[in-house]
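Residue strings, one per chain:
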Amino acid sequence: MIATTGKTNLLGLTQPEMEKFFDSIGEKRFRAGQVMKWIHHFGVDDFDAMTNVSKALRDKLKAIAEVRGPEVVSEDISSDGTRKWVVRVESGSCVETVYIPQGKRGTLCVSSQAGCALDCSFCSTGKQGFNSNLTVAEVIGQVWIANKSFGSVPATIDRAITNVVMMGMGEPLLNFDNVIAAMHLMMDDLGYGISKRRVTLSTSGVVPMIDELAKHIDVSLALSLHAPNDELRSQLVPINKKYPLKMLLESCRNYMSSLGEKRVLTVEYTLLKGVNDHVDHAVQMIELLKDTPCKINLIPFNPFPHSGYERPSNNAIRRFQELLQQAGYNVTVRTTRGEDIDAACGQLVGQVNDRTRRSSRLIAARELNAESDLAQNAATQP
Ligand code: SAH
Ligand code: SF4
(Lines give C-alpha, C1' and ligand atoms only; values in the text may rest on other atoms or scores of the structure.)
(Ligands and ions follow the chains in the order given, each with its own letter.)
Protein backbone atom coordinates (compact mmCIF):
# COMPACT_ATOMS: atom_id res chain seq x y z
CA MET A 1 0.00 0.00 0.00
CA ILE A 2 1.07 3.57 -0.69
CA ALA A 3 0.94 5.64 2.49
CA THR A 4 -1.73 8.34 2.49
CA THR A 5 -0.72 11.79 3.70
CA GLY A 6 -4.06 13.00 5.04
CA LYS A 7 -3.79 16.10 2.83
CA THR A 8 -6.48 17.03 0.29
CA ASN A 9 -5.34 15.90 -3.14
CA LEU A 10 -6.25 18.79 -5.45
CA LEU A 11 -5.58 16.71 -8.59
CA GLY A 12 -8.92 14.93 -8.28
CA LEU A 13 -11.14 17.98 -7.60
CA THR A 14 -13.59 19.19 -10.24
CA GLN A 15 -14.05 22.94 -10.65
CA PRO A 16 -17.05 23.23 -8.26
CA GLU A 17 -15.20 21.08 -5.71
CA MET A 18 -12.08 23.19 -6.02
CA GLU A 19 -14.13 26.36 -5.47
CA LYS A 20 -15.71 24.79 -2.39
CA PHE A 21 -12.25 23.87 -1.14
CA PHE A 22 -11.01 27.47 -1.40
CA ASP A 23 -14.23 28.69 0.23
CA SER A 24 -13.70 26.28 3.09
CA ILE A 25 -10.23 27.67 3.81
CA GLY A 26 -11.44 31.29 3.66
CA GLU A 27 -9.93 32.08 0.25
CA LYS A 28 -11.47 33.65 -2.86
CA ARG A 29 -13.11 31.25 -5.36
CA PHE A 30 -11.12 32.55 -8.34
CA ARG A 31 -8.10 30.79 -6.84
CA ALA A 32 -9.71 27.55 -8.04
CA GLY A 33 -9.20 28.48 -11.69
CA GLN A 34 -5.63 29.65 -11.10
CA VAL A 35 -4.61 26.48 -9.31
CA MET A 36 -6.43 24.17 -11.76
CA LYS A 37 -4.55 25.74 -14.68
CA TRP A 38 -1.23 25.15 -12.93
CA ILE A 39 -2.13 21.54 -12.24
CA HIS A 40 -3.78 20.46 -15.48
CA HIS A 41 -2.40 22.81 -18.14
CA PHE A 42 1.15 23.00 -16.88
CA GLY A 43 1.43 19.69 -15.01
CA VAL A 44 2.68 21.43 -11.85
CA ASP A 45 2.62 19.58 -8.54
CA ASP A 46 4.76 22.00 -6.54
CA PHE A 47 2.83 24.89 -4.98
CA ASP A 48 5.97 27.05 -4.99
CA ALA A 49 5.93 26.99 -8.80
CA MET A 50 2.46 28.61 -8.82
CA THR A 51 3.85 32.10 -9.23
CA ASN A 52 0.55 34.02 -9.41
CA VAL A 53 -0.44 32.67 -5.98
CA SER A 54 0.78 34.68 -2.97
CA LYS A 55 3.55 33.24 -0.81
CA ALA A 56 1.20 33.14 2.19
CA LEU A 57 -1.41 31.10 0.32
CA ARG A 58 1.24 28.79 -1.11
CA ASP A 59 2.48 28.06 2.40
CA LYS A 60 -1.07 27.44 3.56
CA LEU A 61 -1.69 25.06 0.66
CA LYS A 62 1.54 23.19 1.33
CA ALA A 63 0.37 22.49 4.87
CA ILE A 64 -3.07 21.10 4.00
CA ALA A 65 -3.05 20.04 0.35
CA GLU A 66 -1.06 18.20 -2.29
CA VAL A 67 -1.10 17.44 -6.00
CA ARG A 68 -0.40 13.73 -6.25
CA GLY A 69 -0.83 11.50 -9.28
CA PRO A 70 -0.33 7.75 -9.31
CA GLU A 71 3.30 6.60 -9.18
CA VAL A 72 4.81 5.92 -12.61
CA VAL A 73 6.40 2.46 -12.54
CA SER A 74 7.42 2.40 -16.20
CA GLU A 75 7.00 4.22 -19.49
CA ASP A 76 7.53 2.36 -22.78
CA ILE A 77 7.49 3.67 -26.33
CA SER A 78 6.60 1.25 -29.12
CA SER A 79 8.23 1.24 -32.54
CA ASP A 80 4.91 2.57 -33.92
CA GLY A 81 4.84 5.56 -31.55
CA THR A 82 2.37 4.02 -29.10
CA ARG A 83 3.30 4.74 -25.49
CA LYS A 84 2.39 2.77 -22.41
CA TRP A 85 2.63 3.75 -18.78
CA VAL A 86 2.30 1.34 -15.89
CA VAL A 87 1.22 3.26 -12.79
CA ARG A 88 0.78 2.11 -9.21
CA VAL A 89 -2.41 3.18 -7.46
CA GLU A 90 -3.14 3.55 -3.75
CA SER A 91 -4.45 0.01 -3.35
CA GLY A 92 -0.94 -1.17 -4.33
CA SER A 93 -2.04 -2.57 -7.71
CA CYS A 94 -0.73 -1.45 -11.05
CA VAL A 95 -2.83 -0.29 -13.99
CA GLU A 96 -1.95 0.72 -17.53
CA THR A 97 -2.52 3.76 -19.71
CA VAL A 98 -1.87 3.70 -23.44
CA TYR A 99 -1.35 6.57 -25.91
CA ILE A 100 -2.01 5.87 -29.58
CA PRO A 101 -0.96 8.50 -32.15
CA GLN A 102 -2.73 8.36 -35.50
CA GLY A 103 -2.27 11.26 -37.92
CA LYS A 104 -3.44 14.46 -36.24
CA ARG A 105 -5.22 12.48 -33.58
CA GLY A 106 -3.73 11.27 -30.31
CA THR A 107 -5.92 8.91 -28.32
CA LEU A 108 -5.30 8.15 -24.67
CA CYS A 109 -6.76 4.87 -23.40
CA VAL A 110 -7.41 5.25 -19.67
CA SER A 111 -8.05 2.62 -16.96
CA SER A 112 -10.92 2.92 -14.48
CA GLN A 113 -10.29 -0.03 -12.15
CA ALA A 114 -7.42 -2.27 -11.08
CA GLY A 115 -8.62 -5.59 -12.49
CA CYS A 116 -12.26 -6.18 -13.37
CA ALA A 117 -15.03 -8.23 -11.79
CA LEU A 118 -16.92 -8.96 -15.01
CA ASP A 119 -14.71 -11.77 -16.26
CA CYS A 120 -15.28 -11.59 -20.01
CA SER A 121 -13.83 -14.84 -21.33
CA PHE A 122 -11.36 -13.28 -23.79
CA CYS A 123 -10.00 -10.40 -21.65
CA SER A 124 -6.76 -10.63 -19.69
CA THR A 125 -7.88 -7.86 -17.31
CA GLY A 126 -10.98 -9.91 -16.49
CA LYS A 127 -8.78 -12.93 -15.79
CA GLN A 128 -7.16 -11.02 -12.91
CA GLY A 129 -10.41 -10.53 -11.05
CA PHE A 130 -11.30 -7.25 -9.35
CA ASN A 131 -8.86 -5.46 -7.10
CA SER A 132 -9.91 -1.84 -6.60
CA ASN A 133 -11.73 1.18 -7.95
CA LEU A 134 -9.45 4.02 -9.00
CA THR A 135 -9.96 7.38 -7.27
CA VAL A 136 -10.74 10.51 -9.33
CA ALA A 137 -7.10 11.57 -8.91
CA GLU A 138 -5.96 8.18 -10.21
CA VAL A 139 -8.20 8.31 -13.29
CA ILE A 140 -7.45 11.94 -14.22
CA GLY A 141 -3.88 11.38 -13.02
CA GLN A 142 -3.31 9.12 -16.05
CA VAL A 143 -4.20 12.04 -18.35
CA TRP A 144 -2.05 14.36 -16.23
CA ILE A 145 0.97 12.05 -16.50
CA ALA A 146 0.59 11.52 -20.25
CA ASN A 147 0.07 15.24 -20.87
CA LYS A 148 3.18 16.07 -18.86
CA SER A 149 5.27 13.62 -20.83
CA PHE A 150 4.47 15.56 -24.02
CA GLY A 151 5.40 18.84 -22.36
CA SER A 152 2.34 20.54 -20.93
CA VAL A 153 1.06 23.50 -22.87
CA PRO A 154 -1.82 25.93 -22.40
CA ALA A 155 -5.24 24.73 -23.55
CA THR A 156 -5.22 27.09 -26.53
CA ILE A 157 -2.39 25.26 -28.26
CA ASP A 158 -2.84 21.94 -30.06
CA ARG A 159 -2.06 19.16 -27.69
CA ALA A 160 -0.83 15.64 -28.18
CA ILE A 161 -3.94 14.20 -26.50
CA THR A 162 -6.99 14.95 -28.65
CA ASN A 163 -9.20 12.02 -27.60
CA VAL A 164 -9.71 9.98 -24.45
CA VAL A 165 -11.32 6.53 -24.39
CA MET A 166 -12.24 4.77 -21.15
CA MET A 167 -11.10 1.48 -22.66
CA GLY A 168 -8.20 0.56 -20.43
CA MET A 169 -8.48 -1.81 -17.49
CA GLY A 170 -11.82 -2.14 -15.71
CA GLU A 171 -15.50 -1.47 -16.27
CA PRO A 172 -15.95 2.32 -16.00
CA LEU A 173 -19.64 2.14 -15.14
CA LEU A 174 -18.82 0.10 -12.02
CA ASN A 175 -16.72 3.01 -10.76
CA PHE A 176 -19.38 5.48 -11.73
CA ASP A 177 -18.90 8.59 -9.56
CA ASN A 178 -15.12 8.71 -9.90
CA VAL A 179 -15.18 8.13 -13.66
CA ILE A 180 -17.87 10.80 -14.17
CA ALA A 181 -15.87 13.36 -12.16
CA ALA A 182 -12.68 12.53 -14.07
CA MET A 183 -14.45 12.82 -17.43
CA HIS A 184 -15.77 16.27 -16.39
CA LEU A 185 -12.17 17.28 -15.74
CA MET A 186 -11.11 15.92 -19.16
CA MET A 187 -13.69 18.19 -20.83
CA ASP A 188 -13.38 21.27 -18.57
CA ASP A 189 -11.39 24.15 -20.09
CA LEU A 190 -9.60 24.45 -16.76
CA GLY A 191 -8.77 20.75 -17.14
CA TYR A 192 -7.89 19.31 -20.55
CA GLY A 193 -10.53 21.03 -22.74
CA ILE A 194 -11.30 17.91 -24.79
CA SER A 195 -14.63 18.09 -26.63
CA LYS A 196 -17.47 15.85 -25.47
CA ARG A 197 -17.45 14.04 -28.81
CA ARG A 198 -13.85 13.04 -28.18
CA VAL A 199 -14.34 11.56 -24.74
CA THR A 200 -15.71 8.02 -24.99
CA LEU A 201 -16.89 5.66 -22.30
CA SER A 202 -16.82 1.98 -23.24
CA THR A 203 -19.02 -0.47 -21.36
CA SER A 204 -19.71 -4.18 -21.44
CA GLY A 205 -23.36 -3.36 -20.71
CA VAL A 206 -24.19 -2.34 -17.13
CA VAL A 207 -27.73 -1.29 -18.07
CA PRO A 208 -28.84 0.61 -14.91
CA MET A 209 -25.70 2.73 -15.05
CA ILE A 210 -26.12 3.46 -18.78
CA ASP A 211 -29.58 4.73 -17.83
CA GLU A 212 -28.02 6.85 -15.08
CA LEU A 213 -25.29 8.25 -17.32
CA ALA A 214 -27.46 10.77 -19.19
CA LYS A 215 -28.39 12.48 -15.92
CA HIS A 216 -24.73 13.23 -15.20
CA ILE A 217 -22.72 13.75 -18.36
CA ASP A 218 -22.72 14.05 -22.14
CA VAL A 219 -19.93 11.90 -23.60
CA SER A 220 -19.70 9.44 -26.48
CA LEU A 221 -20.69 5.87 -25.75
CA ALA A 222 -19.16 2.61 -26.98
CA LEU A 223 -20.82 -0.74 -26.37
CA SER A 224 -18.75 -3.93 -26.19
CA LEU A 225 -21.11 -6.25 -28.06
CA HIS A 226 -18.96 -9.22 -29.14
CA ALA A 227 -21.90 -11.51 -29.98
CA PRO A 228 -25.15 -11.09 -31.93
CA ASN A 229 -27.35 -13.36 -29.75
CA ASP A 230 -27.92 -13.82 -26.02
CA GLU A 231 -26.71 -17.41 -25.88
CA LEU A 232 -23.25 -16.65 -27.22
CA ARG A 233 -22.99 -13.25 -25.54
CA SER A 234 -23.73 -14.75 -22.13
CA GLN A 235 -20.77 -17.09 -22.63
CA LEU A 236 -18.37 -14.36 -23.68
CA VAL A 237 -19.63 -11.45 -21.58
CA PRO A 238 -21.22 -12.96 -18.45
CA ILE A 239 -22.99 -9.73 -17.42
CA ASN A 240 -25.28 -10.40 -20.40
CA LYS A 241 -27.11 -12.99 -18.25
CA LYS A 242 -28.26 -10.14 -16.04
CA TYR A 243 -28.83 -7.52 -18.76
CA PRO A 244 -29.65 -9.25 -22.05
CA LEU A 245 -29.36 -7.74 -25.50
CA LYS A 246 -32.86 -6.33 -26.02
CA MET A 247 -32.70 -4.42 -22.74
CA LEU A 248 -29.11 -3.35 -23.39
CA LEU A 249 -29.66 -1.97 -26.88
CA GLU A 250 -32.76 -0.10 -25.74
CA SER A 251 -30.78 1.48 -22.94
CA CYS A 252 -28.01 2.52 -25.38
CA ARG A 253 -30.55 4.01 -27.82
CA ASN A 254 -32.13 5.98 -24.97
CA TYR A 255 -28.76 7.34 -23.92
CA MET A 256 -27.83 8.34 -27.46
CA SER A 257 -31.17 10.08 -28.07
CA SER A 258 -30.82 11.94 -24.75
CA LEU A 259 -27.73 13.68 -26.14
CA GLY A 260 -29.96 15.98 -28.18
CA GLU A 261 -27.84 16.03 -31.32
CA LYS A 262 -27.03 13.47 -33.95
CA ARG A 263 -24.38 11.19 -32.50
CA VAL A 264 -24.07 7.48 -33.01
CA LEU A 265 -23.21 4.63 -30.72
CA THR A 266 -19.91 2.84 -31.35
CA VAL A 267 -20.32 -0.93 -31.30
CA GLU A 268 -17.12 -2.83 -30.47
CA TYR A 269 -16.90 -6.44 -31.60
CA THR A 270 -13.82 -8.49 -30.75
CA LEU A 271 -13.43 -11.15 -33.45
CA LEU A 272 -12.58 -14.60 -32.08
CA LYS A 273 -11.66 -17.30 -34.55
CA GLY A 274 -14.38 -19.94 -34.92
CA VAL A 275 -16.41 -18.41 -32.08
CA ASN A 276 -18.17 -15.25 -33.30
CA ASP A 277 -16.70 -14.66 -36.79
CA HIS A 278 -18.99 -16.81 -38.93
CA VAL A 279 -21.17 -15.48 -41.75
CA ASP A 280 -24.22 -16.37 -39.62
CA HIS A 281 -22.97 -14.08 -36.87
CA ALA A 282 -22.68 -11.18 -39.30
CA VAL A 283 -26.19 -11.89 -40.62
CA GLN A 284 -27.59 -11.93 -37.06
CA MET A 285 -25.74 -8.73 -36.24
CA ILE A 286 -27.20 -6.96 -39.28
CA GLU A 287 -30.69 -7.82 -37.99
CA LEU A 288 -29.92 -7.08 -34.33
CA LEU A 289 -28.59 -3.57 -34.94
CA LYS A 290 -31.05 -2.45 -37.60
CA ASP A 291 -32.89 -0.02 -35.28
CA THR A 292 -29.77 1.25 -33.49
CA PRO A 293 -27.87 4.04 -35.28
CA CYS A 294 -24.26 2.96 -34.87
CA LYS A 295 -20.82 2.55 -36.33
CA ILE A 296 -19.11 -0.79 -35.86
CA ASN A 297 -15.52 -1.23 -34.77
CA LEU A 298 -14.17 -4.76 -35.27
CA ILE A 299 -11.28 -5.63 -32.95
CA PRO A 300 -9.24 -8.66 -34.04
CA PHE A 301 -8.57 -10.65 -30.85
CA ASN A 302 -5.26 -9.81 -29.17
CA PRO A 303 -3.81 -13.04 -27.81
CA PHE A 304 -2.43 -13.58 -24.33
CA PRO A 305 -1.10 -16.80 -22.75
CA HIS A 306 -3.68 -19.50 -21.96
CA SER A 307 -6.58 -17.47 -23.35
CA GLY A 308 -7.85 -20.43 -25.37
CA TYR A 309 -8.80 -18.08 -28.24
CA GLU A 310 -7.21 -17.20 -31.57
CA ARG A 311 -7.34 -14.22 -33.89
CA PRO A 312 -9.20 -14.94 -37.17
CA SER A 313 -7.28 -14.78 -40.45
CA ASN A 314 -7.16 -11.46 -42.28
CA ASN A 315 -9.47 -12.94 -44.91
CA ALA A 316 -12.05 -13.90 -42.30
CA ILE A 317 -11.85 -10.42 -40.77
CA ARG A 318 -12.29 -8.78 -44.19
CA ARG A 319 -15.21 -11.06 -45.05
CA PHE A 320 -16.97 -10.19 -41.79
CA GLN A 321 -16.39 -6.49 -42.41
CA GLU A 322 -17.67 -6.65 -45.98
CA LEU A 323 -20.87 -8.44 -45.03
CA LEU A 324 -21.72 -5.67 -42.56
CA GLN A 325 -20.70 -2.96 -45.00
CA GLN A 326 -22.89 -4.44 -47.74
CA ALA A 327 -25.81 -4.11 -45.32
CA GLY A 328 -25.04 -0.38 -45.05
CA TYR A 329 -23.08 -0.23 -41.80
CA ASN A 330 -20.03 1.95 -41.29
CA VAL A 331 -17.42 -0.62 -40.23
CA THR A 332 -13.79 -0.10 -39.27
CA VAL A 333 -11.23 -2.68 -38.23
CA ARG A 334 -9.09 -1.57 -35.31
CA THR A 335 -5.46 -1.91 -36.26
CA THR A 336 -3.43 -3.46 -33.53
CA ARG A 337 -1.01 -0.96 -32.05
CA GLY A 338 1.81 -1.21 -29.56
CA GLU A 339 1.97 -5.00 -29.59
CA ASP A 340 5.72 -4.95 -28.94
CA ILE A 341 5.05 -3.28 -25.58
CA ASP A 342 1.90 -5.33 -24.75
CA ALA A 343 -0.28 -2.26 -25.11
CA ALA A 344 -3.05 -3.65 -27.33
CA CYS A 345 -6.71 -3.94 -26.21
CA GLY A 346 -7.20 -6.77 -23.78
CA GLN A 347 -3.48 -7.15 -23.14
CA LEU A 348 -3.48 -4.80 -20.17
CA VAL A 349 -2.62 -6.54 -16.94
CA GLY A 350 -0.63 -3.85 -15.15
CA GLN A 351 2.77 -5.41 -15.65
CA VAL A 352 6.12 -3.70 -15.95
CA ASN A 353 7.39 -4.25 -19.45
CA ASP A 354 10.48 -6.15 -18.50
CA ARG A 355 11.47 -8.06 -21.60
CA THR A 356 12.57 -11.11 -19.68
CA ARG A 357 9.11 -11.45 -18.21
CA ARG A 358 7.13 -10.69 -21.34
CA SER A 359 5.98 -14.25 -21.89
CA SER A 360 4.59 -14.72 -18.43
CA ARG A 361 2.38 -11.74 -17.99
CA LEU A 362 0.12 -13.08 -15.30
CA ILE A 363 3.11 -14.05 -13.21
CA ALA A 364 4.47 -10.53 -13.67
CA ALA A 365 1.15 -9.06 -12.61
CA ARG A 366 1.20 -11.32 -9.59
CA GLU A 367 4.63 -10.11 -8.56
CA LEU A 368 3.66 -6.49 -9.00
CA ASN A 369 0.49 -6.89 -7.02
CA ALA A 370 1.91 -9.16 -4.38
CA GLU A 371 0.23 -7.28 -1.55
CA SER A 372 -3.20 -7.26 -3.08
CA ASP A 373 -6.13 -9.60 -3.63
CA LEU A 374 -5.19 -9.52 -7.27
CA ALA A 375 -2.29 -11.79 -6.39
CA GLN A 376 -4.65 -14.52 -5.29
CA ASN A 377 -6.86 -14.16 -8.33
CA ALA A 378 -3.95 -14.25 -10.76
CA ALA A 379 -2.51 -17.26 -8.98
CA THR A 380 -5.62 -19.26 -9.80
CA GLN A 381 -5.22 -18.68 -13.52
CA PRO A 382 -4.05 -21.62 -15.63
N1 SAH B 1 -14.72 -2.74 -19.57
C2 SAH B 1 -14.99 -1.94 -20.70
C3 SAH B 1 -13.82 -1.14 -21.19
C4 SAH B 1 -12.46 -1.79 -21.19
S5 SAH B 1 -12.17 -3.10 -22.33
C6 SAH B 1 -15.58 -2.79 -21.82
O7 SAH B 1 -15.56 -4.00 -21.72
O8 SAH B 1 -16.08 -2.18 -22.76
C9 SAH B 1 -11.93 -2.24 -23.88
C10 SAH B 1 -12.29 -3.08 -25.12
O11 SAH B 1 -11.29 -4.09 -25.36
C12 SAH B 1 -13.59 -3.83 -24.96
O13 SAH B 1 -14.38 -3.75 -26.12
C14 SAH B 1 -13.10 -5.23 -24.74
O15 SAH B 1 -14.09 -6.18 -24.99
C16 SAH B 1 -11.92 -5.31 -25.65
N17 SAH B 1 -11.04 -6.46 -25.36
C18 SAH B 1 -10.83 -7.04 -24.16
N19 SAH B 1 -9.94 -8.06 -24.30
C20 SAH B 1 -9.58 -8.10 -25.60
C21 SAH B 1 -8.67 -8.92 -26.35
N22 SAH B 1 -7.95 -9.87 -25.78
N23 SAH B 1 -8.56 -8.67 -27.67
C24 SAH B 1 -9.25 -7.67 -28.26
N25 SAH B 1 -10.12 -6.87 -27.61
C26 SAH B 1 -10.28 -7.08 -26.28
FE1 SF4 C 1 -13.93 -6.10 -17.69
FE2 SF4 C 1 -14.16 -4.93 -20.12
FE3 SF4 C 1 -12.38 -6.92 -19.69
FE4 SF4 C 1 -15.00 -7.46 -19.71
S5 SF4 C 1 -13.76 -6.70 -21.46
S6 SF4 C 1 -13.49 -8.23 -18.21
S7 SF4 C 1 -15.84 -5.63 -18.76
S8 SF4 C 1 -12.35 -4.91 -18.75
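Just so you know, these numbers come straight off a predicted model, no measurement behind them.

**Q** Please clarify how the overall build of the chain should be interpreted in this entry.
**A** A count of helical and extended segments in the chain gives 13 helices and 14 strands. Residues classed as buried in the chain amount to 55% of the 382 residues present. Looking at the chain alone, contacts between residues at least 24 apart form 65% of all its contacts between residues at least 6 apart. About 16,100 Å² of surface is accessible on the chain, with carbon and sulfur atoms providing 51% of the total.

**Q** What is the right way to look at the pairing of strand E9 (residues 163–166) in this model?
**A** The two faces of a sheet get side chains in turn, since along a regular strand they alternate between them. Side-chain alternation along E9 places Asn-163 and Val-165 on one buried face and Val-164 and Met-166 on a second face that is also buried. Across three bridges, the pairing between strand E6 (residues 105–109) and E9 is parallel. Its bridge partner lying in E9, Cys-109 is registered against Val-165. Where E9 meets strand E10 (residues 199–203), three bridges bridge the pair, whose relative direction is parallel. Counted as the bridge partner of Val-164 is Val-199 from E10. Viewed along the sheet, the connection from E9 through helix H6 (residues 176–187) into E10 turns out right-handed.

**Q** Explain the packing of aromatic side chains here, please?
**A** We describe a pair of aromatic rings using the distance from one ring centre to the other and the angle between the two ring planes. A complete count under the given rule lists six aromatic pairs for this structure. Centroid distance Phe-21 to Phe-22: 5.3 Å. Interplanar angle 80 degrees. Geometry classified as edge-to-face. The burial state of Phe-21 is the same as that of Phe-22; both residues are buried.

**Q** What exactly am I supposed to notice about the packing of helix H2 (residues 30–41) against helix H5 (residues 136–149) here?
**A** Helix packing geometry: the angle between the two helix axes and the distance between the axes. Contact geometry of H2 with H5 gives a least axis separation of 9 Å together with a crossing angle of 65 degrees. Classified by the angle their axes make, H2 and H5 are roughly perpendicular. Only Ile-140, Trp-144 and Asn-147 of H5 make contact with H2, whose side of the interface consists of Ile-39, His-40 and His-41. Broken down by class, the residue content of the contact of H2 with H5 amounts to three nonpolar, three polar and no charged.

**Q** Quick question: what am I supposed to make of the site of ligand 1 here?
**A** Every one of the 20 residues lining ligand 1 counts as a neighbour, but Gly-170, Ser-202, Ser-224, His-226 and Asn-302 are closest to it. A distance of 2.9 Å is found between a nitrogen atom of ligand 1 and a backbone nitrogen or oxygen belonging to Gly-170. Within the contact set of ligand 1, an oxygen atom lies 2.7 Å away from a side-chain nitrogen or oxygen of His-226. In the complex, 95% of the free accessible area of ligand 1, which totals 530 Å², lies under the protein chains. Mapped onto the shell around ligand 1, the elements with two or more residues apiece are E10 and strand E12 (265–271).

**Q** Would you mind going over the nonpolar core with me for this structure?
**A** Across soluble globular proteins, you tend to see nonpolar side chains buried next to one another. In terms of nonpolar packing, the biggest core is built from 101 residues, with Leu-10, Met-183, Met-186 and Ile-296 touching the most fellow members. If you tally residues by element for this core, the top one is H6, at nine residues. Shared between two domains, this core holds at least three residues of each, these being domain 1 (8–66) and domain 2 (71–366). When neighbours within four sequence positions are excluded, Leu-10 is seen to be in contact with Met-18, Phe-21, Val-35, Ile-39, Phe-47, Ala-65, Glu-66 and Val-67. Val-98, Cys-109, Val-165 and Met-167 belong to the second-largest nonpolar core, a separate cluster that totals five residues.

**Q** It is not clear to me how the sheet that holds strand E5 (residues 94–102) should be interpreted in this structure. Could you clarify?
**A** Within a sheet, neighbouring strands are paired by backbone hydrogen bonds and run either parallel or antiparallel to one another. Sheet architecture is open: ten strands sit in the order E3-E4-E5-E6-E9-E10-E11-E12-E13-E14, paired in mixed fashion. In this open sheet, the two strands that pair with only one neighbour each are strand E3 (71–77) and strand E14 (330–333). For this sheet the average axis-to-axis angle between neighbouring strands, irrespective of direction, equals 20 degrees.

**Q** So what exactly am I meant to see when it comes to the packing of helix H10 (residues 279–288) against helix H11 (residues 314–326) here?
**A** At a minimum axis distance of 9 Å, the contact between H10 and H11 shows a crossing angle of 30 degrees. Of the possible angle classes, the one that applies to H10 and H11 is roughly parallel. Two packed elements cross with a definite hand, and for H10 against H11 that hand is right-handed. Mapping the contact onto sequence places Val-279, His-281, Ala-282, Met-285 and Ile-286 in H10 and Arg-319, Phe-320, Leu-323 and Leu-324 in H11.

**Q** Help me understand the site of ligand 2, please; the structure alone is not making it clear to me.
**A** Taken together, Cys-116, Leu-118, Asp-119, Cys-120, Cys-123, Gly-126, Gly-170, Glu-171 and Ser-204 are the residues near ligand 2. When the residues that make up the shell around ligand 2 are grouped by side-chain class, the tally is four nonpolar, three polar and two charged.

**Q** What's the story with the pairing of E10 in this structure? I'm lost.
**A** Most of E10 sits inside the fold, with five of its five residues counted as buried. Note: E10 against strand E11 (residues 220–224), four bridges, orientation parallel. Note that in E11 the partner of Leu-201 across the bridge is Leu-221. A crossover links E10 with its parallel partner E11, the connecting element being helix H7 (residues 207–213), and its sense is right-handed.

**Q** Looking at this model, I keep getting lost on the side chain of Ser-93. Mind explaining?
**A** Tracing the backbone through its elements, the reader meets Ser-93 in the loop between strand E4 (83–88) and E5. At 2.3 Å, the side chain of Ser-93 forms a polar contact with the side chain of Asn-131.

**Q** When you look at the pattern of salt bridges in this model, what are you seeing that I'm missing?
**A** A complete count under the given rule lists 19 salt bridges for this structure. Put simply, Lys-62 and Asp-48 hold a salt bridge, and the shortest N to O gap is 2.9 Å. Note that Lys-62 is positioned in helix H3 (residues 55–64) and Asp-48 in the loop between H2 and H3, a separation of 14 residues in sequence. Residue class for Lys-62 comes out partly exposed when judged on its relative accessible area of 32%.

Calculation notes
- Residues numbered from 1 in each chain as written.
- Chains lettered and ligands numbered in written order.
- Predicted model: local features only at pLDDT ≥ 70, side-chain atom pairs only at ≥ 80, totals over all residues.
- Heavy atoms only, no water.
- Helix = DSSP H or I, 4+ residues; strand = E, 2+ residues; numbered from the N terminus.
- Buried < 20%, exposed > 50% of the residue type's maximum accessible area, 1.4 Å probe, protein only.
- Contact = heavy atoms within 4.5 Å.
- Areas by Shrake-Rupley, 256 points an atom, 1.4 Å probe, with all protein chains shown as cover.
- Pairing = 2+ DSSP bridges.
- Right-handed = clockwise from strand over helix to strand, strands pointing away.
- Phe/Tyr/Trp six-rings, centres within 6.5 Å; stacked < 30°, edge-to-face > 60°.
- Axes fitted to C-alpha atoms, helices over the stretch in contact; angles between N-to-C directions.
- Parallel < 35°, antiparallel > 145°, perpendicular 65-115°, else oblique.
- Nonpolar A, V, L, I, M, F, W, Y, C, P; charged D, E, K, R; others polar.
- Near = heavy atom within 4 Å.
- Polar contact = N/O pair within 3.5 Å; in protein donor to acceptor, adjacent residues only side chain to side chain.
- Core = buried A, V, L, I, M, F, W, Y, C linked by side-chain atoms within 4.5 Å.
- Domains from an automatic or database assignment.
- Left-handed = near helix turned anticlockwise from the far one by under 90°.
- Salt bridge = Lys/Arg side-chain N within 4 Å of Asp/Glu carboxyl O.

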